[in-house]
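As a plain string of letters, each chain reads:
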Amino acid sequence: MSAEAGTPGLAPYQVRARNGAAASENKIHDNEVARQYGFAGGLVPGVTIYAYMTRPALERFGPDWLSRGTISARFVKPFYEGELVTVRTRDAGAGRIELEAVNEAGEVCATGAASLPETSGEAPALLREESLPPRKARPPASEAAFRRTPALGTLRFAFDTGAPAAVFLDEIADTHPLYRGPGAPAHPGYLIRYANTVLVENVELGPWIHVSSDSRHFGTIGHGESFSVRAAVTGLFERKGHRFVTLDVQVVAGATRVVLSTVHTAIYDIRKVAAS
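Remember, it's a predicted structure, so these values are computed and weren't measured experimentally. (Residues numbered from 1 in each chain as written. Predicted model: local features only at pLDDT ≥ 70, side-chain atom pairs only at ≥ 80, totals over all residues. Heavy atoms only, no water.)

On to the nonpolar core, then. Tyr52, Met53 and Ile221 are the most contacted members of the largest nonpolar core, which totals 64 residues. Residue contacts for Met53: discarding those within four places in its chain leaves Ile71, Ala73, Phe75, Val87, Leu99, Ala110, Thr111 and Gly112. Membership of the second largest hydrophobic core comes to 10 residues, among which are Ile28, Val33, Phe244 and Ile267. (Core = buried A, V, L, I, M, F, W, Y, C linked by side-chain atoms within 4.5 Å. Buried < 20%, exposed > 50% of the residue type's maximum accessible area, 1.4 Å probe, protein only. Contact = heavy atoms within 4.5 Å.)

Dropping the structure here:
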C-alpha cells in the first residue's frame, strides 16, 4: 500500500501512541527491560494498536461491524510512546478493506484486514469452562506447561461502561460517540485485551509480546452484562529463537452467546539480544 493509498472517502486515522502498560506486570513495556531485548524502549501494547486499527473498520462499515465483522492484525514493528500512528486503508473489494499502521518515519508497523460479511455466520462451538489456577500457583510458561494443560482456566466479569472501560477509551484516545454513554457496547479493543488477560492469569510470564489477533464478531456486550473468557492452546512453535503460543479465545456473554472469537498469538519466551 503506497503512502497515498486509501479507501475512497475514508481518511487515514491518526492518533498519538500511548504506552498505557509501562507499569504493568509485563516488563516488555518498561523502557529499561525492553532495551535488553533490542528495542528502543517500552513497547506500546499490541492491544492498543489493535484498537487503533478497529477505528477505520467502524468508520467504513458502521455499527453493524461490531456485531458481525472481522478484523485481523499482525504487529511487525513496535510503536513507542508519543509516536504518531497513521492507520491507512485500501478497498480490497467484496466488503473488505486492508489495513496498515505506519509510524512517523513511514515504516509499516502493523498490517491487517477487516470485513463485513453479509451475515454473522454460525458461531463456533463453545470452549469448555475450566477452573483457573490460584494466581500464586500459576506454572511458569513453557511448552511443557501448555501441553500439560491446553484448556486454560476461565475468567468471569461484568461489563461496566464506567471504569475500567472508560479508562481504556481514554487510554486509546477513541472519542467515537458510539462507545460513550450508558447504552454503549464494549470496544473491540477492550474485549481483545481479555485474550491477553486469560493467558496472564493461567501461566506465569516474564516479558512477552502480543504479535497477532485474527477475530470475528458475533454480537456485542452492553452495560451490566456478565461475560466469560475461555481459551485453549492450539499451537506452539519456535521462530528465530522466540517461542510462540497460539490460543483459540472466546468472549461469551451470559452462559452461551459467543460475541467474539479470536486466534491470538504471543511470544511467551523472547530471545534476548547478545551483550556487546
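What follows continues from the structure just given.
To continue, consider the side chain of Arg230. Tracing the chain through its elements places Arg230 in strand β8 (residues 226-239). Here the side chain of Arg230 touches Leu127 through a polar contact of 2.9 Å, landing on its backbone oxygen. Among the polar contacts made by the side chain of Arg230, one reaches the main-chain carbonyl oxygen of Ala255 at a distance of 3.2 Å. The contacts of Arg230, once residues within four sequence positions are left out, are Leu126, Leu127, Arg128, Glu129, Thr154, Asp248, Val249, Gln250, Val252 and Ala255. (Helix = DSSP H or I, 4+ residues; strand = E, 2+ residues; numbered from the N terminus. Polar contact = N/O pair within 3.5 Å; in protein donor to acceptor, adjacent residues only side chain to side chain.)

Next up on the list: the packing of helix α2 (residues 46-61) against helix α6 (residues 188-200). Where α2 contacts α6, the two axes come as close as 9 Å, and the packing angle between them is 155°. Viewed along their axes, α2 and α6 adopt a mutual orientation that is roughly antiparallel. The chirality of how α2 crosses α6 is right-handed. Residues Val47, Tyr50, Ala51 and Thr54 of α2 form the contact with α6, whose own contacting residues are Pro188, Gly189, Ile192, Arg193 and Asn196. (Axes fitted to C-alpha atoms, helices over the stretch in contact; angles between N-to-C directions. Parallel < 35°, antiparallel > 145°, perpendicular 65-115°, else oblique. Left-handed = near helix turned anticlockwise from the far one by under 90°.)

By the element assignment, Ile221 lies in the loop between β7 (209-217) and β8. For Ile221, a relative accessible area of 1% translates into the label buried. Once the C-alpha coordinates of Ile221 and Thr262 are considered, the two residues, 41 residues apart in sequence, prove to be 16 Å apart. Every residue in contact with Ile221, bar those within four places of it in the chain, is listed here: Phe159, Ala184, Pro185, Ala186, Leu191, Phe227, Val251, Ala253 and Val259.

Further remarks concern the environment of Ser72. Structurally, Ser72 is set in strand β2 (residues 70-75). Each C-alpha atom, one on Ser72 and one on His264, is 9.9 Å from the other, the two residues being 192 residues apart in sequence. In this structure, Ser72 is in contact with Thr111, Gly112, Ala113, Ser213 and Asp214, ignoring residues within four places of it in sequence.

What follows covers the packing of aromatic side chains. Scanning all chains against the criterion turns up eight aromatic pairs. On the numbers, 5.2 Å between centres and 75° between planes, the contact of Phe146 with Tyr268 is edge-to-face. With Phe146 in helix α4 (residues 143-148) and Tyr268 in strand β10 (residues 257-269), this residue pair connects regions lying 122 residues apart in the sequence. Of the residues examined, Tyr268 reaches a relative accessible area of 7% and is grouped as buried. (Phe/Tyr/Trp six-rings, centres within 6.5 Å; stacked < 30°, edge-to-face > 60°.)

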